[in-house]
Amino acid sequence: MRPAVVSIVSKKNSGKTTLIEKLIPALMRRGYRVGTVKHDTHGFDIDREGKDTWRHKQAGARTVVISSPWKISLIKDVEEEVGLDAIVAQHFADVDIVLTEGYKHAGKPQIEVFRSTAHAAPIHEQGKKGTLIALASDVPVDLGVPRLDMNDVEGLADFIVTTFLRTP
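Here we summarise the structure given alongside this text. (Residues numbered from 1 in each chain as written. Predicted model: local features only at pLDDT ≥ 70, side-chain atom pairs only at ≥ 80, totals over all residues. Heavy atoms only, no water.)

Taking 1.5 Å as the rise per residue, helix α1 (residues 16–29) with 14 residues should run 20 Å; its terminal C-alpha atoms sit 20 Å apart, in good agreement. Among all positions in α1, only K16, L19, I20, L23, A26 and L27 are buried. The buried residues of α1 all sit within an arc of 130° when viewed along its axis, so they share a single face. Those residues of α1 that are exposed and angled more than 90 degrees off the buried face are E21, M28 and R29. Where α1 is buried, its residues touch β1 (4–9), β2 (34–38), β5 (97–101), β6 (110–114), β7 (132–137) and α4 (153–164). Once α1 ends, the next one or two residues include G31, with phi positive near 95°. (Helix = DSSP H or I, 4+ residues; strand = E, 2+ residues; numbered from the N terminus. Expected span 1.5 Å × (residues − 1). Buried < 20%, exposed > 50% of the residue type's maximum accessible area, 1.4 Å probe, protein only. Arc of directions from axis to C-beta. Contact = heavy atoms within 4.5 Å.)

With that settled, consider the side chain of T53. Residue position: T53 is located in helix α2 (residues 52–58). Not counting residues within four places of it along the chain, the set of residues in contact with T53 comprises D47, V64 and I66.

Another aspect to go through is the sheet that holds β1. Strand order in the open sheet formed by 6 strands is β2-β5-β1-β6-β7-β8, with parallel pairing between adjacent strands. Every interior strand has two partners, whereas the edge strands, β2 and β8 (147–149), have only one. Between one strand and the next, the sheet's axes are offset by a mean angle of 25°, whatever the strand orientation. (Pairing = 2+ DSSP bridges. Axes fitted to C-alpha atoms, helices over the stretch in contact; angles between N-to-C directions.)

Okay, here's the thing in C-alpha cells:
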C-alpha cells in the first residue's frame, strides 16, 4: 500500500519547513512512520567539494550512493524532473505518510501555511476548485476549508491523522 501524501505549501518565508519539522515528531508520537520530500525548482547541490562522492560525480558517475550501516544517500543525474508519484513509489514504501514541502502543482492534497506578517494574502483563493484541504494560519482567513492555528501542531497532526491515516 502506498503512503498518504500531503503537500505543505505557501509563499516563501511563511514557515513551511518549521511546520514540517514540528509535524514529523507529532505524527511519530502517534505511531506513524513519516517521510519527507523537499521540492526545489532552482536545483541544488547536496554533495560537498572534496568528499569522495563529490569526486566520483566529478569523474563522471551518473549515480553515486553512499552507504553506512544506518543510512543511505543517493545522488543521481536525471534527464528531466522526476514526478512526485514516481519518487514516492521508488523510495517511500516503508512509511505511512509523506509530507512534501512545495509541489504546489503536483495535484496532491495541500495544507497552505499563511503567515500574515510575511504576506498580504494566501496563495489560494476562496471558492476556487483545487487540492487545498486546510489552511494553517496565524489569523482568521476563510478559504472554504478548515483553518487551523499554525502554532497548534497537535491539532494539525490530529487533522492529518483523521483525514489521511488509519490507526497504525
